[in-house]
Amino acid sequence: MKWNLRMVAAQRDLWRPTELLEAFKTVDFTPSLSKVAAMWSGTPVTVRLDDLDKICAVLNCTVGDLLQAEPLEATTGESEALPKAVGADGSSGGPVRPTPRRQGSHRSLPPN
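A few points on the structure. (Residues numbered from 1 in each chain as written. Predicted model: local features only at pLDDT ≥ 70, side-chain atom pairs only at ≥ 80, totals over all residues. Heavy atoms only, no water.)

## Quick word on the overall build of the protein
The secondary structure content of the protein amounts to six helices and two strands. Buried positions account for 22% of the 112 residues belonging to the protein. Of the contacts made within the protein by residues no fewer than 6 positions apart, 62% connect residues no fewer than 24 positions apart. With an accessible surface of roughly 9,400 Å², the protein has 54% of that area assigned to carbon and sulfur atoms. (Helix = DSSP H or I, 4+ residues; strand = E, 2+ residues; numbered from the N terminus. Buried < 20%, exposed > 50% of the residue type's maximum accessible area, 1.4 Å probe, protein only. Contact = heavy atoms within 4.5 Å. Areas by Shrake-Rupley, 256 points an atom, 1.4 Å probe, with all protein chains shown as cover.)

## Details of helix H4 (residues 49–59)
For H4, the full list of buried residues reads Asp51, Leu52, Ile55, Cys56, Val58 and Leu59. Buried residues in H4, looked at end-on, bunch into an arc of 160 degrees, giving them a common side. Exposed positions of H4 whose direction lies more than 90 degrees from the buried face are Leu49, Asp53 and Ala57. Lining the buried residues of H4 we find strand E1 (2–3), helix H1 (5–11), helix H2 (17–24), helix H3 (33–41), helix H5 (63–66) and strand E2 (67–68). Positioned one or two residues after H4, Asn60 has a phi angle of 50 degrees, which is positive. (Arc of directions from axis to C-beta.)

## Remarks on the environment of Val27
Tracing the backbone through its elements, the reader meets Val27 in the loop between H2 and H3. A relative accessible area of 28% places Val27 in the partly exposed class. Sequence spacing of Val27 and Ile55 is 28 residues, and the spatial spacing of their C-alpha atoms is 8.9 Å. Val27 has contacts with Lys54, Ala57 and Val58, leaving out every residue within four places of it along the chain.

## Description of the side chain of Asp51
Take Asp51: it is sitting in helix H4. Setting aside chain neighbours within four positions, we find Asp51 in contact with Phe29 and Lys35.

## Comments concerning the environment of Asp50
You can see Asp50 is positioned in helix H4. The class of Asp50 is partly exposed, set by a relative accessible area of 36%. Between the C-alpha atoms of Asp50 and Phe29, which are 21 residues apart in sequence, the distance is 9.7 Å.

Take a look at the structure:
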């Protein structure tokens, strides 16, 4: 996901995190300045839905304006680097045969 808070805020003539913080007060959203600066400077790991709703209300935008989906980048040769399960390549090493038990009772005793 691409976080577009700065772009959307700039379109509303908000150029600094302190200006955005003042705008948040109009909808009774009072995060700390450090939280606003973190959202301003990078992509947040999590955003509460009610906070996202208040951000959209202040900026008069939709969630789609703030968050844009980006395709995942697939690295070349990634499937070769992952370990494969036995028999996943289609070749069989022969039939799997069970190993017979030895005669007699050779079970271990339970712990004391």
